[in-house]
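Here is what each chain is made of, one letter per residue.
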Amino acid sequence: MEKACIDINELVNVFSNNYGSVYQSDKLNCFYIDFGGKFARYNCLSLQKLKKVVEDIDIESLLLNTKKADFELVTYNGCDHIYLLNALEIIALKDLLQGTFTMFKLNHLISDCLYRLVF
Amino acid sequence: MKDLMRIKCLLSQDIETLLNQQIKKEAHSSSLYLSMASWCNQNGYDFSADYFTKQSEEERMHQLKLFKYVLDMGGNAVSPEVTGIKTEFLGFREVFEDALEAEIAITQSFKNIAAKCHKEQDFVTMEFLNWFLKEQREEEYKARRALELFEVIGEEGTGRWEIDKHVNKITYSED
Ligand SMILES: [Fe+2]
């Protein structure tokens, strides 16, 4: 299913780590996150929101608080997807999203140099 | 690969975050001035109450100006939560000391955003910020002049009554 989606929509792999991948579709102007057994579609805004939600999770308190479960629900208002993740998975998702946005920045710099600057 | 984030929005994530923080600061200033207006009114300083009410409205306008810019550039403008507004002041003078302190903090905040704009070469946002940087001249001037009235007139006798009457007359002209 995922493989088919990647092929049909000519998805570009933006960033991957050991736990998952983020793809971009230039055809549909959207992104796909392959993580936690889910292959989920996002647009620009929802991807930014997800990143913020994940970055705002206090992982230290999650690990130290003995009265709480070690799992956290990762989602936000209006998000189509819900992730139930433990602390390590949250760290992995955070790494995946931060890596993705770093690649966006890099791609932006390259696009500026190659296509937008006229000398 | 398309530069999708840039296509969606002119602002970088960092600048967008800073502008949203500024929206929150302006909202905070607006609420603080309103709180000062309330205190002044209850303590019989009617002219100062009017002055701070007007200032509060101005801060609200600043907030909306930033809000509109973020949205116009394709960003996500966030309506801020404002908490922890000071409601008790030790005296008439402290109100004005706090007002100047708040304006200095706002000026500093705009300088930080401007520095970031220079670093990123975001001259579009820089040009937008110029209006605010200029505005801070006036805001700080007015707050400083008001506080100086306490030195010039003095608080003894009918001093505070006199100061209150003068606060509303402070104006700034560039020339
Ligand atoms: Fe302001």
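Residues numbered from 1 in each chain as written. Chains lettered and ligands numbered in written order. Predicted model: local features only at pLDDT ≥ 70, side-chain atom pairs only at ≥ 80, totals over all residues. Heavy atoms only, no water.

> How do you make sense of the overall build of chain A when you look at a structure like this?
Tallying secondary structure elements over chain A gives 4 helices and 6 strands in all. When the helices and strands of chain A are listed from N to C terminus, the series reads α-β-β-β-β-α-α-β-β-α. For chain A, the share of sequence-separated contacts (at least 6 apart) that also reach a separation of at least 24 residues comes to 43%. Within the structure as shown, chain A displays about 7300 Å² of accessible surface, and the carbon and sulfur contribution to it stands at 56%. Within chain A, the 15 negative side-chain charges are centred at a point lying 5 Å from the centre of the 12 positive side-chain charges. (Helix = DSSP H or I, 4+ residues; strand = E, 2+ residues; numbered from the N terminus. Contact = heavy atoms within 4.5 Å. Areas by Shrake-Rupley, 256 points an atom, 1.4 Å probe, with all protein chains shown as cover. Lys, Arg positive; Asp, Glu negative; His and termini not counted. Charge placed at Lys NZ, Arg CZ, Asp CG, Glu CD.)

> Got a minute to help me understand the coordination of the iron ion in this structure?
Each donor-metal-donor angle would ideally measure 109.5 degrees in four-coordinate tetrahedral geometry, or 90 or 180 degrees in six-coordinate octahedral geometry. Residues and elements named next belong to chain B. Glu-26 (OE), Glu-59 (OE) and His-62 (ND1) make up the full set of protein donors to the iron ion, lying at 2.1 to 2.3 Å. Written as a sequence motif, the donor arrangement for the iron ion is E-x32-E-x2-H. Residue Glu-26 is found in helix α2 (residues 13-42), and its partner His-62 is found in helix α3 (residues 46-72); the two are separated by 36 residues along the sequence. (Donors = N, O, S within 2.8 Å, 3.2 Å for Na, K, Ca; no water.)

> What's the story with the layout of surface pockets in this structure? I'm lost.
Take a probe with the size of a water molecule and roll it over the atoms, and the empty space left behind shows itself. Of the voids in this model, the largest pocket is the one considered here, and its volume is about 1700 Å³. In this structure, the largest pocket is lined by 46 residues; those nearest its centre are B:Leu11, B:Ser12, B:Gln13, B:Asp14 and B:Glu120. When contributions to the lining of the largest pocket are tallied by element, the ones reaching two or more residues are α2 (44-56) and α4 (87-116) of chain A together with α1 (4-8), α2, α4 (92-120) and α5 (123-152) of chain B. At 10 residues, α4(A) tops the list of elements feeding residues into the lining of the largest pocket. Within the lining of the largest pocket, the residues separate by chemical class into 16 nonpolar, 12 polar and 18 charged. (1 Å grid on protein atoms, 1.4 Å probe; cavity = no way out; pocket = protein on both sides within 12 Å on 5 of 7 lines; lining within 4 Å. Points joined across faces, edges and corners; volume = space filled by probe spheres on them. Nonpolar A, V, L, I, M, F, W, Y, C, P; charged D, E, K, R; others polar.)

> What is the right way to read the sheet that holds strand β4 (residues 38-42) of chain A from this model?
Within a sheet, adjacent strands bond to each other through the backbone by hydrogen bonds, running parallel or antiparallel. All names here are of chain A. An order of β1-β2-β3-β4 is seen for the 4 strands of this open sheet, with the pairing classed as antiparallel. Of all the strands in the sheet, just β1 (12-17) and β4 have a single pairing partner and so form its edges. Going across the sheet, the axis of each strand differs from the next one's by a mean of 20°, ignoring polarity. Note: strand β3 (residues 30-35) against β4, 5 bridges, orientation antiparallel. Residue pairing for β4: Phe-31 is matched across the bridge by Tyr-42. The sheet contacts of α2 involve β3 and β4, and relative to β3 the element is tilted by about 40°. (Pairing = 2+ DSSP bridges. Axes fitted to C-alpha atoms, helices over the stretch in contact; angles between N-to-C directions.)

> Hey, could you run me through α4(A) in this one?
Each turn of an α-helix holds 3.6 residues, which means side chains three or four residues apart point in the same direction. Compared with the 44 Å implied by 1.5 Å per residue over 30 residues, the 42 Å span of α4(A) between its first and last C-alpha is a close match. Where α4(A) is concerned, the buried positions are A:Ala87, A:Ile90, A:Ala92, A:Leu93, A:Leu96, A:Leu97, A:Gly99, A:Thr100, A:Phe101, A:Phe104, A:Asn107 and A:Ser111. (Expected span 1.5 Å × (residues − 1). Buried < 20%, exposed > 50% of the residue type's maximum accessible area, 1.4 Å probe, protein only.)

> What's the story with the confidence of the model for chain B in this structure? I'm lost.
As a general rule, the predicted coordinates of low-pLDDT regions are not to be interpreted in detail. On average, chain B scores 96 in pLDDT, and the residues at 70 or more come to 100%. Here the predicted complex scores 0.87 on pTM and 0.84 on ipTM. (pLDDT = per-residue confidence, 0-100.)

> Sorry, what's going on with the interface of chain A and chain B here?
Buried accessible area, meaning the area lost when the parts come together, often serves as the stated size of an interface. Between chain A and chain B, the contact holds 20 residues from the first and 10 residues from the second. Our enumeration of links across chain A and chain B arrives at 1 salt bridge. A salt bridge links A:Arg116 to B:Asp3, with the shortest nitrogen-to-oxygen separation between them at 3.0 Å. On inspection of chain A and its partner chain B, the count reaches 7 residue pairs in polar contact (both at pLDDT 80 or more). For the side of chain A that touches chain B, the leading source of residues is α4(A), giving 7 residues. Tallied by class, residues from the side of chain A that touches chain B come to 9 nonpolar, 7 polar and 4 charged. (Salt bridge = Lys/Arg side-chain N within 4 Å of Asp/Glu carboxyl O. Polar contact = N/O pair within 3.5 Å; in protein donor to acceptor, adjacent residues only side chain to side chain.)

> What exactly am I supposed to notice about the pattern of salt bridges here?
Side chains bearing opposite charge may pair, as long as their charged atoms lie close to each other. Residue and element names in this part refer to chain B. This structure, assessed with the given rule, holds 19 salt bridges over all chains. Note that Glu-58 is salt-bridged to Lys-142, the shortest N-O span being 4.0 Å. Of this pair, Glu-58 sits in helix α3 while Lys-142 sits in helix α5, and the two are 84 residues apart along the sequence. Residue classification places Lys-142 among the buried residues on the basis of a relative accessible area of 9%. In this structure, Lys-68 and Asp-72 form a salt bridge, with 2.6 Å as the shortest nitrogen-oxygen distance. Of this pair, Lys-68 and Asp-72 both sit in helix α3, 4 residues apart, which is roughly one turn of that helix. Under the relative-accessibility criterion, Lys-68 is labelled exposed at 52%. Ionic contacts of the salt-bridge type, sharing partners, join the residues Arg-93, Glu-97, Glu-151, Glu-155 and Arg-160 into one network.

> For this particular structure, what's the right way to read the side chain of B:Glu94?
All names here are of chain B. Along the chain, Glu-94 falls in helix α4. Reaching out from Glu-94, the side chain makes a polar contact with the backbone nitrogen of Leu-90 at a distance of 3.2 Å. Apart from the residues lying within four places of it in its own chain, the contact partners of Glu-94 are Lys-86, Glu-88 and Phe-89.

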